[in-house]
Amino acid sequence: MSGNGGGAIAATGVGDGEPRRRPVAGSGGTVLSAQGLGRSYDGYIALGSFTVAVEAGEFVALIGPNGAGKTTFLNLVAGLLDPTAGRVEVAGEVPGSLAARTALSFLPDTPVFYEDLSVVEHLEYVAALHGVEDASARIDELIRRLGLDGWEDALGAELSKGMRQKVSIALALVRPFRVLLADEPLDGLDPPSREVLFAMLAETKAAGAAVVVSTHRPDVIAAADRCVAIRDGRLAYDGAPDASVLTEIFDRSELEG
Amino acid sequence: MDQPVGTVLAAADPVAAMKAMRRARRRRYVQRADVMEVLYRVYLGGLAAIFILAFLAGALREVPADPGSVESIRAHAPAVIGLAVGLLVLAGLRAGARGGPLAIEAAEVRYTLLAPVSRRAALRPAALAQLRIAVFAGAIFGAVVGNFVFRRFPGTAVEWIGSLAAFGAVVPIAVLGAALVACGRRLHIGVASAIGVLLVAWSALDLALGWTSAPTTMLGDLATLPLHHGLDAALAAAGAALALVALGVGLLGIGGLRLEAARRRAELVAEMRFSASVQDLRTVILLRRQLASELPRRRPWLRLRLRGPAANPIWRRDWQSYLRWPLVRIVRVVLIAVAAGGLAVGGFDLTPVLFALPGPLLFVAALDLIEPLAQESDHPTRRLLLPQTAAVLIRRHLWAPIATMAVVVAISAVTAAIASGNPGLALGVGAVVVLPLAAVLVCAAAVSATNDPYEFALNPQLSQVAGLGPIVATMIAGFVPLFFAWKIEGANGARVSGVLGADFVLLILAIAGVGVLNLRFDKREKEAM
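Residues numbered from 1 in each chain as written. Chains lettered and ligands numbered in written order. Predicted model: local features only at pLDDT ≥ 70, side-chain atom pairs only at ≥ 80, totals over all residues.

1. Regarding the overall build of chain A
What counts here: Working definition: helices are DSSP H or I runs of at least four residues, strands are E runs of at least two. Numbering for both runs from the N terminus. Counts of 20 or more other C-beta atoms within 10 Å of a residue's own C-beta define buried residues, counts of 12 or fewer define exposed ones, and intermediate counts define partly exposed ones; C-beta atoms are placed from the backbone. By the convention adopted here, residues make contact when the C-beta atoms placed from their backbones lie within 7 Å.
Tallying secondary structure elements over chain A gives 9 helices and 12 strands in all. Buried positions account for 53% of the 257 residues belonging to chain A. In chain A, 67% of the contacts between residues at least 6 apart in sequence involve partners at least 24 apart.

So, in structure tokens, the structure goes:
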């Protein structure tokens, strides 16, 4: 589905096999669209006929229990997986194209680093790959805000889980993008760092980028403009974050992880 | 103190940034390398190579081949070699269709391949680095074989060493080129396999008809170039050119690589490298199977209905494992057996240096055969719950692999009988050594697969000996009977009976293997109690 003027059409609910629909506020300009997107492995359906559109400036919370298909969806959009059905576009291009890679930034659930590059060298490299002007200032700012001061010269193997996550966040944000995909970005962060990340995501959204965050956390869901729920690889809900509808679909324990 | 990578920020464009970063990483790697350690390893390796080559040159005392053998080699060797190259290209195509042959760092996939830079430019250096290593190793191996072959056949040392070094260099180019084409063009595994099988069939047709029409047979001409003139030499050049074209096409299309496959390979290959570095062969095998998506069949080829002594649960369990082998594993083991037989014939016809290869090759097949035994070793808790000692359990797990390995060795003997034109000698030697050789191979594989890589963590040299010992044992086990048969003068009967002496060596190796397994599992059981 795509945006139509003032508000994207959204789907909500589950029960009769068809997702429920509710109107949500949108800001126009579809930057991510999936049509009948599916991925299966030897008969096992990880994601089945998933249709969704995300507008520029939208903050979308992607929710669902473990194994529902959230990470599969994000990997398909990032071009790290190939779909077995349907199609997906980022900024009007197929994932993996130069335009899509320019438009999309991906923050995966598991940080990976070059074993022989320091934190600041990673940031410099990613900034240079994306042609960031005045990268030093941007890098300094990210290091300061994410509390990475003093860790600039550390190698990946020397970082704790939380610090690795912060570096991964910095690497996703150091470059320009139109769509940010983040898979469980708050995992491993302490409360002050979570606040910083929330602020950064809000700034990203205010700057006109779409933000899609896979999460189990009620605070992220509450902060989102829109909630897309997946269950058993299928779209179960797409609409405004509405606690009453969500609790109809999921157990409370599934949402809070 | 490390030099900062820093300069990437000053790079003019993303590709320049990527190159600057890689240069800086290489510099850093060199700075961190322990030069004395590297020189020491090169010194030891060189010394060992010189010793082995000098020993072989002295021991073999090769005599010129008779005119009949020379003519036979001239007529048939290119097609036989071409068939072998065809099989390697088939393996390359299949590996490419699964996302190989490149193994890229996970971070490279995550940052560089997801950035708006040319993936061809990003991946080419990795492909060329892999190619450099393979070409260098192939050329060295070819030159070593050439150094022995020239003593038996018409042609100078320079001609033979040069042609076999060139052949050794071109084969990896053809195989990697095919793999890169399959990977970059995203060939379906079925399509890649079909292309490879067609190439193998074409090579087989050349062998049957005595033609040189398949590109792989042309490469066979290159390997035997000093025996050919005129058109054959031109065909050899054409074969090499075609291999280079395949490589060129592969490099041009490498940007089409599937990130999904690249990411999966990145994770598995990183684990494989670590396992290989600590000589953990068992983990390497399991990871390789994952990499090739080689899973047991859901339905066995046959349902076992065993009665009486044959219904022994361990014997039965081993056969149940074999009956669930995927087709690709069966084909691989049969091809290994055929290749081992071919190498044995090559040893008689070309140079006995090739006798060193069938043993390690059959060892690879044995590693598949001892899978049920290896699983007992993988799960010590389950093993401890059984009402028999670990050593007895492991020993009983040896019977089914030895029986099956005997069939594999028999296939090698039959292949040698067909290929050599002297079936009496090949089948006679095969019959004499089949069981003891199968026992050595299975015991060596069992010792290797159940090796604890951290058992001698405080003594790396001992750990390396423990890792390499089984492979050396299989090399000796394959070499000794063939060398005896080659060395003994006289009629086939004398040669076959002479090989009986080799059985003594094989039995000692097998008993040593069983002894190591007994000691190892007794010790582990005591430690667990």
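2. Focus: the overall build of chain B
For clarity, the threshold we go by: For a compact globule the rule gives 2.2 Å times the number of residues to the power 0.38, and the radius of gyration it is set against comes from C-alpha atoms.
Each helix and strand in chain B was counted, giving 21 helices and 0 strands. Its C-alpha radius of gyration of 25 Å places chain B within 12% of the 24 Å reference for a compact globule of 529 residues. Classification of the 529 residues of chain B by burial places 45% in the buried group. Considering only intrachain contacts with a sequence separation of at least 6, the fraction spanning at least 24 residues in chain B is 77%.

3. Brief notes about the pairing of strand β6 (residues 59-63) of chain A
All names here are of chain A. Rules: One requirement defines pairing of two strands: DSSP has to find at least two bridges between them.
With 5 of 5 residues buried, β6 is to be regarded as a mostly interior element. Across 4 bridges, β6 lies against strand β11 (residues 226-231) in parallel orientation. Looking at the pairing, Leu62 lines up with Val228 of β11.

4. Looking at the interface of chain B and chain A
The condition is simple: Under the convention adopted here, Pro, Cys and the residues Ala, Val, Leu, Ile, Met, Phe, Trp and Tyr are nonpolar, Asp, Glu, Lys and Arg are charged, and Gly plus all remaining residues are polar.
Listed as interface residues are 25 residues of chain B and, on the opposing side, 25 residues of chain A. Broken down by secondary-structure element, the contributors of at least two residues to the side of chain B that touches chain A are α1 (14-32), α4 (106-112) and α10 (259-277) of chain B. The biggest single contributor to the side of chain B that touches chain A is α1 of chain B, with 6 residues. Counted by class, the side of chain B that touches chain A contains 16 nonpolar, 2 polar and 7 charged residues.

5. Considering the confidence of the model for chain A
Residue and element names in this part refer to chain A. This is how the line gets drawn: Predictor confidence is given residue by residue as pLDDT, running from a minimum of 0 to a maximum of 100.
Looking at chain A, pLDDT values average 85 and 85% of them are 70 or higher. In the model, residues 1-18 has pLDDT below 50 throughout and makes 53 contacts with residues more than four positions away in sequence or in other chains. Low pLDDT, under 50, characterises residues 20-27; the predicted model gives this stretch 33 contacts beyond four residues in sequence or across chains.

6. With respect to the nonpolar core
Within soluble globular proteins, side chains that are nonpolar generally end up buried alongside one another. Residue and element names in this part refer to chain B. Note the cut-off: Residues enter a nonpolar core if they are buried, belong to Ala, Val, Leu, Ile, Met, Phe, Trp, Tyr or Cys, and are joined to the set through C-beta atoms within 7 Å.
Grouped together as the largest cluster of nonpolar side chains are 235 residues, with contacts concentrated most on Ala366, Leu441 and Val442. Element by element, the count of residues in this core is highest for helix α6 (residues 157-184), at 19 residues. In contact with Ala366, not counting residues within four places along its chain, are Pro401, Met405, Leu441, Val442, Ala444 and Ala445.

7. Re unusual backbone geometry
Comment: phi is negative for the bulk of residues other than glycine, and the bulk of peptide bonds are trans. In this structure, the amide linkage connecting Gly100 of chain B to the following residue, Pro101 of chain B, adopts the cis form with an omega of 0°. The residue Glu184 of chain A is not glycine, and still its phi comes out positive at about 50°. With respect to the element layout, Glu184 of chain A can be found in the loop between β9 (179-183) and α6 (191-206). Of note, Asp232 of chain A is a non-glycine position whose phi angle comes to about 50°, a positive value.

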